Amino acid sequence: MIWILNGALLLTLIVLALWALKSRDLLVSAMILSLYSFLMAIIYAQLNSPDIALTEAAVGAGITTVLFILAIQKTRRTEEETDDDQLQIGPLCVVLTIGAVLALAVAGMPAFGSPDSPGATVTGNLYLEEGQATTGVANIVTAIIAYYRSFDTLGEITVIFAVGIAIIGLYLKKQEGFDDDE
Amino acid sequence: MNIIDPGFILGHYNYWVAIILIMIGLYTMIAKRNLIKKFIGLNIIETAIFLFYISLGDVTGGIAPIFAEGSTNPPDAVILYANPLPSAMMLTAIVVTLCMTALALSFAVLIYRRYKTLDARRLMELL
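Each chain carries its own residue numbering, running from 1 in the written order of its sequence. Chains and ligands are labelled by the order in which they are written, letters from A for the one and numbers from 1 for the other. Reporting of local features is limited, given that this is a predicted model, to residues whose pLDDT is at least 70; pairs of side-chain atoms are given and counted only at 80 or more, and all residues count toward the totals for whole chains, interfaces and linings.

Looking at the overall build of chain B
If you tally the helices and strands in chain B, you get five helices and zero strands. Starting at the N terminus, the α and β elements of chain B follow one another as α-α-α-α-α. Whether a residue is buried, exposed or partly exposed follows from its count of other C-beta atoms within 10 Å of its own C-beta, namely 20 or more, 12 or fewer, or something in between, respectively; the C-beta atoms are built from the backbone. Per-residue burial for chain B yields a buried fraction of 49% across its 127 residues. For the purpose of contact definition, each residue receives a C-beta atom placed from its backbone, and two residues are in contact when these atoms lie within 7 Å. A separation threshold of at least 6 residues defines the contact pool for chain B, and within that pool the share at least 24 residues apart is 49%. In DSSP terms, a helix is any run of H or I states spanning at least four residues, a strand is any run of E spanning at least two, and both are numbered starting from the N terminus.

Points about the overall build of chain A
Tallying secondary structure elements over chain A gives eight helices and zero strands in all. Taken across its 182 residues, chain A has 26% of its residues classed as buried.

Here's the deal with the interface of chain A and chain B
If you look at the interface, chain A gives 81 residues, while chain B gives 75 residues. Every element with two or more residues in the side of chain A that touches chain B is listed here: helix H1 (2–22), helix H2 (26–46), helix H3 (50–74), helix H4 (89–107), helix H5 (126–135), helix H6 (140–148) and helix H7 (150–176) of chain A. Residue contributions to the side of chain A that touches chain B peak at 14 residues, all from H3(A).

Brief notes about the nonpolar core
Among the nonpolar cores identified, the biggest contains 68 residues, and B:Ala18, B:Leu21 and B:Ile36 are the most heavily contacted of them. Secondary-structure elements contributing two or more residues to this core are H1, H2, H3, H5 and H6 of chain A together with helix H2 (13–31), helix H3 (35–57) and helix H4 (84–115) of chain B. Looking at which domains feed residues into this core, each of domain 1 (1–77) and domain 2 (131–182) of chain A gives three or more. Excluding residues that lie within four positions of it along the chain, B:Ala18 makes contacts with B:Ala48, B:Leu51, B:Phe52 and B:Ser55. To count as a nonpolar core, a set of buried Ala, Val, Leu, Ile, Met, Phe, Trp, Tyr and Cys residues must be joined through C-beta atoms within 7 Å. Domain borders in the structure are assigned automatically or taken from a domain database.

Looking at the packing of H6(A) against H4(B)
Interhelical geometry of H6(A) versus H4(B) gives an angle of 55° and a closest axis separation of 9 Å. If you check the angle between H6(A) and H4(B), you find them oblique. As for how H6(A) packs across H4(B), the hand of that crossing is right-handed. Contact residues: A:Ile140, A:Val141, A:Ile144 and A:Ile145 in H6(A); B:Pro84, B:Leu85, B:Ser87, B:Ala88 and B:Leu91 in H4(B). For every element, the axis is a line fit to its C-alpha atoms; helices are fit only across the contacting stretch, and the angle between N-to-C directions ranges from 0 to 180 degrees. Each angle is binned into one of four classes, with values under 35 degrees roughly parallel, values over 145 roughly antiparallel, values of 65 to 115 roughly perpendicular, and all other values oblique. The handedness criterion is simple: a crossing whose near helix is rotated anticlockwise from the far helix by less than a right angle is left-handed, and one whose near helix is rotated clockwise is right-handed.

Topic: the domain arrangement of chain A
Looking at chain A, the domain boundaries give domain 1 (1–77) and domain 2 (131–182). Look at where the C-alpha atoms of domain 1 of chain A and domain 2 of chain A centre, and you get two points 23 Å apart.

Quick word on unusual backbone geometry
Of note in this structure, A:Asn48 is not a glycine but carries a positive phi near 65°. Note on placement: A:Asn48 falls in the loop between H2 and H3. Non-glycine residue B:Lys116 carries a positive phi angle of around 60°. As for its placement among the helices and strands, B:Lys116 is situated in the loop between H4 and helix H5 (120–126). For B:Lys116, a count of 11 C-beta atoms within 10 Å corresponds to the exposed category.

Side note on H5(A)
All names here are of chain A. Listed in full, the buried residues belonging to H5 are Tyr-127, Leu-128, Gly-131 and Gln-132. All buried residues of H5 fall inside an arc of 105° around its axis, so they share one side. Turned more than 90 degrees away from the buried face of H5, the exposed residues are Leu-126 and Ala-133. Two residues or fewer past H5, Gly-136 is found with a positive phi of approximately 75°. In this context, the arc is that of the directions from the helix axis out to the C-beta atoms.

Comments concerning the environment of A:Ala103
Within the secondary structure, A:Ala103 sits in helix H4. Spatially, the C-alpha atom of A:Ala103 lies 31 Å from that of A:Arg149, the residues being 46 residues apart in sequence.

Observations regarding the confidence of the model for chain B
Mean pLDDT over chain B: 83, with 83% of residues reaching 70 or higher. Note on the complex model: pTM 0.87, ipTM 0.86. Note: pLDDT gives the predictor's confidence per residue, expressed from 0 to 100.

Quick notes on the environment of B:Met29
All names here are of chain B. The topology assignment puts Met-29 in helix H2. A C-alpha to C-alpha distance of 9.5 Å links Met-29 and Ile-45, two positions 16 residues apart in sequence. With sequence-adjacent residues up to four places away left out, Met-29 is seen in contact with Lys-38, Gly-41 and Leu-42.

Things to note about the environment of A:Gly99
Among the structural elements, A:Gly99 can be located in helix H4. For the pair A:Gly99 and A:Ala20, spaced 79 residues apart in sequence, the C-alpha separation works out to 20 Å. Residue contacts for A:Gly99: discarding those within four places in its chain leaves B:Ile19 and B:Met23.

Written out as structure tokens, the structure reads:
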């Protein structure tokens, strides 16, 4: 019966995404995005990925929302008056085409959660069989991040560093060139 | 494989939801003119992609890839574990998404300070 709960959560996700799309108030959109991320975290926990669920709840529902609220506070809360409320044919066609291509790709995949799907194959999985002996960590996701794919994690930290430098540089440059701009 | 088969449709429901969310996010990015609204659409696309990957790694009746205390190695063949690799890759992706959102929003704030608008069409006229 757990799939009923799962289905209800997934339907709620779609409703929330549509609401965030429709709302003219950006603050409302940001808060709905936070709720959406939190529900997504519950689904991740349901799908046996507690690490992702924790990170999504902290980063997706927490820090991202704070960033959006900060940006909205420094700009304006409502959208400007535009005519993008009604359905636009051009973007809709593009989106439907891409959706059809993705649906065709998914249709060729094995069913969700089936034990013989390549993504879920456990026998012969090196990480699960040797991870604990090699690294001494009980949580295999941690072992992969910090040991097997540690260069990946280094790259991730480099990205954080570069973005921090870029944001500092953007705001410093703005203050220096203040007289030219105004 | 019959496309109309209800078992086929229900068996992929996580994937269908991920595709619908990607479509909603993409529509938000293309059709909406407010920059912050576009970034909200970008976030929706990314969480949908995470959902897709996590669904790939899950296995029915499996448990999270964390060994119980005292469990020996190799793990019991009886216990099914979810694949840990998608989780590990998506952990990296979540942080990169956060960085991208932060950079995009700081650009939006700077654009608003200079041009007093976040409407993409008006910005194209001003530039």
